[in-house]
Amino acid sequence: MSISELNAKVKELRELRRMAEELDAEITAITDALKAHMSAENTDELTGADWRVVWKLVTTSRLDTKALRTALPDIVERFSRESTTRRFCVA
């Protein structure tokens, strides 16, 4: 790719990311409005003609690696595994 093509691609990428941020903000606003309605109605499920919205409590159990590293550092070291990834960033 030429430098002008790269400039155009980066400009397009920035614009698409800006549009995505706007869409994310709209999605968040609508989601918050639905959650507020569900809270006001004291319900965890809404249904319509061709849709269903569910907002329920979910309990999960996760390993607290920070506490484990403090309490049993040798075990953490023994069972830890490194991974390598590539990060893509446009500034």
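Since the structure is predicted, the reported quantities are computational estimates derived from the model, not experimental observations.

**As for the pattern of salt bridges**
And step 1. Under the defined criterion, the tally for this structure stands at three salt bridges.
And step 2. Between Glu15 and Arg18 there is a salt bridge, with the nearest N and O atoms lying 2.4 Å from each other. Note that Glu15 and Arg18 are positioned in helix H1 (residues 3–41) at a spacing of three residues, about one turn of the helix.
And step 3. Note that Glu22 and Arg18 form a salt bridge whose closest N and O atoms lie 2.3 Å from each other. Remark: Arg18 and Glu22 occur in helix H1; sequence separation between them is four residues, near one turn of the helix.
And step 4. Judged by its relative accessible area of 43%, Glu22 falls in the partly exposed class.

**Description of a nonpolar patch on the surface**
And step 1. Taken together, the side chains of Met1, Ile3 and Leu6 present a nonpolar region at the surface, about 360 Å² in accessible area.
And step 2. Looking at the element boundaries, Ile3 is found in helix H1.
And step 3. Its relative accessible area of 61% is what places Ile3 among the exposed residues.

**Focus on H1**
And step 1. For H1, with 39 residues, the first-to-last C-alpha span of 57 Å sits near the 57 Å given by 1.5 Å per residue.
And step 2. Of the residues trailing H1, Asn42 is marked for its positive phi of about 55 degrees.

**Concerning the UniProt feature "coiled-coil region" (unreviewed entry) in the chain**
And step 1. Here the UniProt-annotated "coiled-coil region" (unreviewed entry) positions come out as residues 3–33.
And step 2. As annotated, residues 3–33 comprises 100% helix and 0% strand, and the C-alpha atoms at either end are separated by 45 Å.

Parameters at a glance
- Residue numbers here run from 1 along each chain, matching the order of that chain's written sequence.
- The predicted nature of this model means local features are confined to residues of pLDDT at least 70 and side-chain atom pairs, given and counted, to a pLDDT of 80 or more, with totals for whole chains, interfaces and linings taken over all residues.
- By convention in this description, side-chain values take in all heavy atoms of the structure and omit both hydrogens and water.
- The term salt bridge refers to a side-chain nitrogen of Lys or Arg lying within 4 Å of a carboxyl oxygen of Asp or Glu.
- Helix and strand definitions follow DSSP, with helices as H or I runs of at least four residues and strands as E runs of at least two, each counted in order from the N terminus.
- For the exposure calls, accessible area comes from a 1.4 Å probe over protein chains only, and a residue counts as buried if that area is under 20% of its type's maximum, exposed if over 50%, partly exposed in between.
- Within the patch definition used here, like charges are joined within 9 Å and nonpolar side chains (Val, Leu, Ile, Met, Phe, Trp, Tyr) within 5 Å, considering only residues with over 30% relative accessible area and no salt bridge.
- Working definition of accessibility: Shrake-Rupley area with a 1.4 Å probe, residue cover restricted to the visible protein chains.
- How far a helix is expected to stretch is found by multiplying one less than its residue total by 1.5 Å.
- UniProt positions are given in the numbering used here, feature names are shortened, and annotations may be inferred rather than shown by experiment.

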